[in-house]
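# Close look at the chain arrangement
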Amino acid sequence: MEKYDIKDVQQAEGGRRRIDWAEREMPVLRSIRTRFAKERPLKGLRISACLHVTTETANLMQTLQEGGAEVVLTASNPLSTQDDVAAALVSLYEIPVFAIKGEDNVTYYKHINAALEHRPNMTMDDGADLVSVLHKERRDLLKEVIGGTEETTTGVIRLRAMAADGALLFPVIAVNDAETKHFFDNRYGTGQSTIDGIVRATNVLLAGRNFVIAGYGWCGRGLASRARGMGANVIVTEVSPLPALEAVMDGFRVMPMEQAARIGDIFVTVTGDINMIDRQHFEVMKDGAIIANSGHFNVEINIPALEEMSSEKRLVRPFVEQYVLTDGRAINLLGEGRLINLAAAEGHPASVMDMSFANQALSLEHLAKNADQFEKKVYSVPEAIDREIARLKLEAMGVAIDELTPQQVSYLHSWEEGT
């Protein structure tokens, strides 16, 4: 295996300072790291991780390393890598990294294959690209894999499809589905960081703008709340009646995308599906419309169709590509249609990733200890892990809660006591 492939190892010291800054906001993961250093529950295990290479991820990698694992990291998105963090992990923490911000698609998959050369016993994924390549191209390595984890909604969807087809050949824990992940990371993290990315890329005022959000899952809920807080007029598009009804009850306008496309100023997709903004929508958008994606892959916006409709494409600001249509209208695509919160900003705040990555670490420990009890399918994070992470987070925040009395516990478990 190659030792690493990063942009510039000389950036290591700056990366270390930012990793340390994030660590101060990650008390739950810090407590797990302290225990891992003593107990070494991952001793001797090789872990290949395909995650966003950020300061928060660096703290997770150190935690796994303290737990005894041999870790290799590659990027889960070509634009999300923080090059100084990659340099610090390689130079100061001796963790091989294969990631360069802005790498092309060929290099991206070359790096995934480099991480697989580690011959992993466990995988960590954010979007299921690593697991997909492992099953399609590197099946010779599958016999050594005891299990893995998946971080994001898109990846869980892919893995459940694999399991339904009988194609998944080892167990995976869906970290994304933990309540301490999607209730907080998806809602508060995506909500804040997406706004951050859009504002950094464009410097536009959100107040008074028609802000269209495709999808009202946990990410969409968080984004809608934050956009409204910035003074935007929020419009939600949905394909499912229940979240659409919830958006209406939350006070947002709900309509089909074809209708919203005519009046929207800023559009953000957070669905995990393809072509949520498509050719027919570009045809009726305002001149100067801004479109962005905060779902995992850059397929939610039909970029090939936009390119076919355009007579010119120009970079007008970092992370802002302006497509000039044949009728003279301009549509501004942010971050190449990739995750705008990581392409133009720094992703989720560390205090939110603290819980998400605590789920990752404890799920890997759970897999390592109980590997022979799992079938080849997708599992939820055990409720005990979820509750323990919530307890540790509250403790770190200095928040105390009540406990049920024995009488209350008995009442809740009895069917004999009525009114």
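Attention in this report is confined to the structure presented alongside it. Within each chain, residue numbers correspond to sequence positions counted from 1 in written order. With the structure being a predicted model, the display of local features is reserved for residues of pLDDT at least 70 and the display and counting of side-chain atom pairs for 80 or more, all residues being used for whole-chain, interface and lining totals. Side-chain numbers here rest on the full set of heavy atoms in the structure, without hydrogens or water.

### Digging into the pairing of strand E11 (residues 289-293)
Each residue's exposure class comes from its accessible area (1.4 Å probe, protein chains only) as a fraction of the maximum for that residue type: buried when under 20%, exposed when over 50%, partly exposed otherwise. Helix and strand definitions follow DSSP, with helices as H or I runs of at least four residues and strands as E runs of at least two, each counted in order from the N terminus. Counting buried positions over the five residues of E11 gives five, a clear majority of the element. Being paired, for any two strands, means DSSP has found at least two bridges between them. Bridging between strand E10 (residues 266-269) and E11 involves four bridges; their strand directions are parallel. Opposite phenylalanine 267, over in E11, you have isoleucine 291 as the bridge partner.

### What about the packing of aromatic side chains?
Each Phe, Tyr or Trp ring, with Trp reduced to its six-membered ring, pairs with another whose centre is within 6.5 Å; inter-plane angles below 30 degrees give stacked pairs, above 60 give edge-to-face pairs, and intermediate values give tilted ones. Inspection of the entire model under this criterion finds five aromatic pairs. A centroid spacing of 5.0 Å and a plane angle of 85 degrees characterise the contact between tyrosine 108 and tyrosine 109, whose relative ring orientation is edge-to-face. Should the NZ of a Lys or the CZ of an Arg lie within 6 Å of a ring centre and within 35 degrees of the ring normal, that charge is described as sitting over the ring. We note arginine 221 situated over the ring of tryptophan 218; from NZ or CZ to the ring centre the distance is 4.2 Å.

### What to know about unusual backbone geometry
The phi dihedral of glutamate 94 is positive, around 55 degrees, even though this residue is not glycine. Note that glutamate 94 resides in the loop between helix H4 (83-91) and strand E3 (97-98). A positive phi is found at glutamate 336, a non-glycine position, where the angle reads about 60 degrees. Relative to the elements of secondary structure, glutamate 336 occurs in the loop between strand E14 (330-334) and helix H14 (340-343). Since its relative accessible area comes to 38%, glutamate 336 is described here as partly exposed.

### A short note on the packing of helix H2 (residues 27-39) against helix H3 (residues 55-66)
Lines fitted to C-alpha atoms define the axes, with helix axes restricted to the stretch in contact, and inter-axis angles between N-to-C directions lie between 0 and 180 degrees. Orientation of H2 relative to H3, taken along the N-to-C sense of each, is 20 degrees, at an axis distance of 8 Å. One finds that H2 runs roughly parallel with respect to H3. When the axes of H2 and H3 are compared, the crossing they make is left-handed. For the pair formed by H2 and H3, the contact residues are Leu29, Ile32, Arg33, Phe36 and Ala37 on the first element and Asn59, Leu60, Gln62, Thr63 and Glu66 on the second. Gly falls in the polar group here, along with every residue not listed as nonpolar (Ala, Val, Leu, Ile, Met, Phe, Trp, Tyr, Cys, Pro) or charged (Asp, Glu, Lys, Arg). Classifying every residue of the contact of H2 with H3 gives five nonpolar, three polar and two charged. The scheme is simple: roughly parallel for angles under 35 degrees, roughly antiparallel for over 145, roughly perpendicular for 65 to 115, oblique for anything else. We call a crossing left-handed when the near helix sits turned anticlockwise from the far one by less than a right angle, and right-handed when that turn is clockwise. Residues count as neighbours in contact if any of their non-hydrogen atoms are within 4.5 Å of one another.

### Thoughts on the pattern of salt bridges
Side chains bearing opposite charge may pair, as long as their charged atoms lie close to each other. One speaks of a salt bridge when a side-chain nitrogen belonging to Lys or Arg is within 4 Å of a carboxyl oxygen belonging to Asp or Glu. Using the criterion set out here, one finds 29 salt bridges in the structure. Between glutamate 13 and arginine 16 there is a salt bridge, with the nearest N and O atoms lying 2.4 Å from each other. Placement of the pair is glutamate 13 and arginine 16 together in helix H1 (residues 12-23), with a separation of three residues, close to one helical turn. Classification of arginine 16 by relative accessible area gives partly exposed; the value is 27%. Aspartate 84 is the salt-bridge partner of arginine 18, the closest N and O atoms lying 2.9 Å from each other. With arginine 18 in helix H1 and aspartate 84 in helix H4, the pair connects residues that are 66 residues apart, well separated along the chain. A residue is classified by how much of its surface remains accessible, and arginine 18, at 26% relative accessible area, is partly exposed. Using a relative accessible area of 16% as the deciding quantity, one classes aspartate 84 as buried.

### With respect to the side chain of histidine 111
Summarising the element assignment, histidine 111 is placed in helix H5 (residues 105-116). In this structure histidine 111 comes out as buried when scored by relative accessible area, which is 1%. Side chain to side chain, histidine 111 and aspartate 5 meet in a polar contact 2.7 Å long. When residues no more than four places from it in sequence are discounted, the contact partners of histidine 111 are Asp5, Thr74, Phe98, Ala99, Ile100 and Glu103. What qualifies as a polar contact is a pair of N or O atoms within 3.5 Å, subject to a donor-acceptor requirement within protein and to the restriction that residues adjacent in sequence count only when both atoms come from side chains.

### Details of the sheet that holds strand E5 (residues 147-150)
In any sheet, the strands associate via hydrogen bonds between backbone groups, in a parallel or an antiparallel arrangement. A sheet is described by the order of its strands in space; here seven strands give the open sequence E3-E2-E1-E4-E5-E6-E15, paired in parallel fashion. In this open sheet, the two edge strands, each paired with only one partner strand, are E3 and strand E15 (378-380). Of the pairings in the sheet, the one linking strand E1 (residues 46-51) to strand E2 (residues 70-75) comprises six bridges and is parallel in character. In the sheet register, arginine 46 faces E2, and the bridge partner there is glutamate 70. The sheet contacts of H5 involve E1, E2 and E3, and relative to E2 the element is tilted by about 170 degrees. Running at roughly 130 degrees to strand E4 (residues 122-125), helix H6 (residues 129-136) makes contact with E1 and E4 of the sheet.

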